[in-house]
Amino acid sequence: MTDSAFRIEKDSMGELKVPATALYAAQTQRAVENFPVSGIPLPFAFIQAVALIKQGAAKVNVELGLLDKAIGAAIGQAAEQILAGKHAEQFPLDIFQTGSGTSTNMNVNEVIATLASQALGQAVSANDHVNMGQSSNDTIPSAIHVSAALACNSALIPALEHLQATIGAKARSLDSVVKTGRTHLMDAMPIRLSQELDGWALQVGNGVERVRSALHRIYRLAQGGTAVGTGINAHPEFAGRIAEALADATGLPFAPNASFFESLSSQDAAVELSGQLKTLACSLMKIANDLRWMNSGPLAGLGEIELPALQPGSSIMPGKVNPVIPEAVCMVCAQVIGNDAAITIAGQSGSFQLNVMLPLVAHNLLQSIQLLANVSRLLADKAIADFTVRKDNLNRALALNPILVTALNPIIGYAKAADIAKTAYKTQRPILEVAEEMTGMARVELERLLDPAQLTAGGIQG
């Protein structure tokens, strides 16, 4: 590239070339050159959270009489462009950078300063104006919390509530369907299909409760602690006022953390939220794998249900259709569990007054939230809502299920019931016929006692 493609920028370490079209300046360019690691930038939602903090800080500093009104307004307008989704290409920095996220904080400061300078027609400083009353050390932890809170409330929780409602509606529509229960993947006592799905629905509902519980601590912000937690160079009222500004802007109950030293040195709240996302991933993987088993076949598997046919399942086997949505769910869950492992390690990396794996936490946490939100809606709409039940297969298995004899234990004893079950299994005859033959009990009474639908209601009735 020719020299005309660059301009010269200067920071405290000297001069260097920056692309002529870049809105960022020297400190961002140094980070671009220093960290060519993964090619993966931080999520734009995280950048927008930083911009939201910059906008709030400018407003507060103007109100406190610390920042010129015109400069503050220009900073706010520049931040608004980022919040509107513009200039995403101006934030190229790799996840794997300085552990405090200083490079990303300065990237946002520089872009906003450039936009504000252009709009105002005078120089706006990235450090003195945009970063006034702040440090990377409190801004980046705060942005992790703000971006995670926004993503959970706008995407994840609504998606989970939709999934729970979809499972619940499907359960109600299948309340009359009885199937063979399974423990250890082996035939067990019968259950209603609605009971099985109700279990799934509560798993998802509990996941919502867990996320909401963790958010109580995510709403507590580090902003105002500045460099080490003491609030150096920030107005005494800054922390409370910027938390209020962020709460007004988002509708979420942000407040200053009770200890900025805790906020800067640890990422316990993010680790907690990630742990709840991991639990949710375990729940969704269980549901997805149950669907895969129930759909297996259609001839040589369980064949209890048929998931919607969404695409050809094989490049070589005509007519094959695979459970693609549950498979996607399982892969997402594996990724979320892996993300949590990395966040757990990152959470331990607070040395004295600062955690130094903040960009990794930001990326993994937001990725987990978004993946779970996206795949929960897919699971609801493309798998659970429209699967059909193969009642013929369910009824055939029920009729032959020797475990139904469990209902006779109180009458004939465990040992005699076991003999009946073994005989029924060995001869592949319905348990009703074998029980009638080996007990001498009246068939009508056995039909009542061994009725699969009655057995799903908690045992022998009457």
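Look above for the structure.
All values derive from a computational prediction rather than experimental measurement. (Residues numbered from 1 in each chain as written. Predicted model: local features only at pLDDT ≥ 70, side-chain atom pairs only at ≥ 80, totals over all residues. Heavy atoms only, no water.)

Draft legend 1. The overall build of the protein, seen in detail. Helices and strands together make up the secondary structure of the protein, namely 18 helices and 10 strands. Expected size for 462 residues packed as a compact globule is a radius of gyration near 23 Å; at 30 Å, the protein overshoots this value by more than 25%. In terms of overall dimensions, the protein has C-alpha extents of about 100 × 50 × 35 Å along its principal axes. Counting all 462 residues of the protein, 50% fall into the buried class. Just so you have it, the protein exposes about 20,700 Å², and 55% of that area is on carbon and sulfur atoms. Of the charged side chains in the protein, 33 are positive and 40 negative; the average position of the first set lies 6 Å away from that of the second. (Helix = DSSP H or I, 4+ residues; strand = E, 2+ residues; numbered from the N terminus. Rg over C-alpha atoms; globule rule 2.2 N^0.38 Å. Buried < 20%, exposed > 50% of the residue type's maximum accessible area, 1.4 Å probe, protein only. Areas by Shrake-Rupley, 256 points an atom, 1.4 Å probe, with all protein chains shown as cover. Lys, Arg positive; Asp, Glu negative; His and termini not counted. Charge placed at Lys NZ, Arg CZ, Asp CG, Glu CD.)

Draft legend 2. The packing of aromatic side chains, seen in detail. Counting across every chain of the model gives 2 aromatic pairs. Each ring, one from F44 and one from F91, has its centre 6.3 Å from the other, and the planes form 45°; the classification is tilted. Residue F44 is found in helix α2 (residues 44-63), and its partner F91 is found in the loop between α3 (69-83) and α4 (102-120); the two are separated by 47 residues along the sequence. A ring pair is formed by Y219 and F254, whose centres lie 5.8 Å apart and whose planes are at 80°; its orientation type is edge-to-face. In this pair, Y219 is assigned in the loop between α7 (193-218) and β5 (220-221) and F254 in the loop between α8 (238-250) and β6 (255-256), connecting sequence segments 35 residues apart. Comparing Y219 with F254, the two get one shared label, buried. The ring of F387 carries K170 above its face, with NZ or CZ at 4.7 Å from the centroid. (Phe/Tyr/Trp six-rings, centres within 6.5 Å; stacked < 30°, edge-to-face > 60°. Lys NZ or Arg CZ within 6 Å of the ring centre and 35° of its normal.)

Draft legend 3. Up close: the pattern of salt bridges. Across all of its chains, the model carries 19 salt bridges by this definition. Here E161 makes a salt bridge to R212, at a shortest N to O gap of 2.9 Å. Note that E161 is positioned in helix α6 (residues 136-173) and R212 in helix α7, a separation of 51 residues in sequence. By relative accessible area, R212 is classed as partly exposed at 42%. E433 serves as the salt-bridge partner of R429, at 3.9 Å between the closest nitrogen and oxygen. A relative accessible area of 24% places R429 in the partly exposed class. The exposure class assigned to E433 is partly exposed, which follows from its relative accessible area of 34%. Among the charged side chains, a network of salt bridges with common partners joins K59, E63, E237 and R241. (Salt bridge = Lys/Arg side-chain N within 4 Å of Asp/Glu carboxyl O.)

Draft legend 4. Region of the structure containing the packing of α2 against α4. Relative to each other, α2 and α4 sit at 60°, their axes nearing to 10 Å. Here α2 lies oblique to α4, going by the angle between them. Our pair here, α2 against α4, has a crossing hand that is right-handed. Here F46, I47, V50, A51 and K54 of α2 lie close against α4, whose contacting residues are T104, N105, V108, N109 and I112. For the contact of α2 with α4, the per-class residue count stands at 6 nonpolar, 3 polar and 1 charged. (Axes fitted to C-alpha atoms, helices over the stretch in contact; angles between N-to-C directions. Parallel < 35°, antiparallel > 145°, perpendicular 65-115°, else oblique. Left-handed = near helix turned anticlockwise from the far one by under 90°. Contact = heavy atoms within 4.5 Å. Nonpolar A, V, L, I, M, F, W, Y, C, P; charged D, E, K, R; others polar.)

Draft legend 5. Spatial organisation of unusual backbone geometry. Geometrically, the link from G297 to P298 is a cis peptide bond, its omega value of 10° lying close to zero. In this fold, P298 is placed in the loop between α10 (268-295) and β7 (305-306). Residue F352 is not a glycine yet carries a positive backbone phi of 55°. By the element assignment, F352 lies in the loop between β8 (350-351) and β9 (354-355). Taking the relative accessible area as the measure of exposure, F352 reaches 75% and is therefore exposed.

Draft legend 6. Main features of the packing of α7 against α10. Direction vectors running N to C along α7 and α10 enclose 165°, while the axes themselves pass 8 Å from each other. Between α7 and α10, the angle is such that the two are roughly antiparallel. Here α7 and α10 pass one another in a crossing that is left-handed. Its residues assigned to classes, the contact of α7 with α10 comprises 15 nonpolar, 5 polar and 6 charged.

Draft legend 7. Broad picture of α8. Look at α8: 18 Å from first C-alpha to last across 13 residues, which is about the 18 Å you get at 1.5 Å a residue. When α8 is considered as a whole, its buried residues turn out to be F238, A239, I242, A243, A245, L246 and A247. Along its buried surface, α8 packs onto α2, α6, β5, β6 and α9 (260-265). Just past α8, the residue G251 takes up positive phi, approximately 80°. (Expected span 1.5 Å × (residues − 1).)

Draft legend 8. Here's a closer look at the environment of I95. Looking at the secondary structure, you find I95 in the loop between α3 and α4. For the pair I95 and H363, spaced 268 residues apart in sequence, the C-alpha separation works out to 7.1 Å. Discounting chain neighbours no more than four positions away, the residues touching I95 are I40, P41, L42, P359, L360 and H363.

Draft legend 9. Looking closely at the side chain of Q55. One can find Q55 in helix α2. Once you skip the residues sitting within four places of it in the chain, Q55 turns out to touch G76, A79, E80 and L83.

Draft legend 10. How the structure looks around the nonpolar core. Formed by 110 residues in total, the largest nonpolar core has its most connected members in L156, L284 and L379. Per-element accounting of this core gives the leading share, 16 residues, to α6. The residues contacting L156, other than those within four sequence positions of it, are A151, V211, L277, L280, I369, L372 and A373. Within the second largest apolar cluster, 17 residues are counted, among which are A417, A424, L449 and L455. (Core = buried A, V, L, I, M, F, W, Y, C linked by side-chain atoms within 4.5 Å.)

What is shown is where atoms sit, not what they do.
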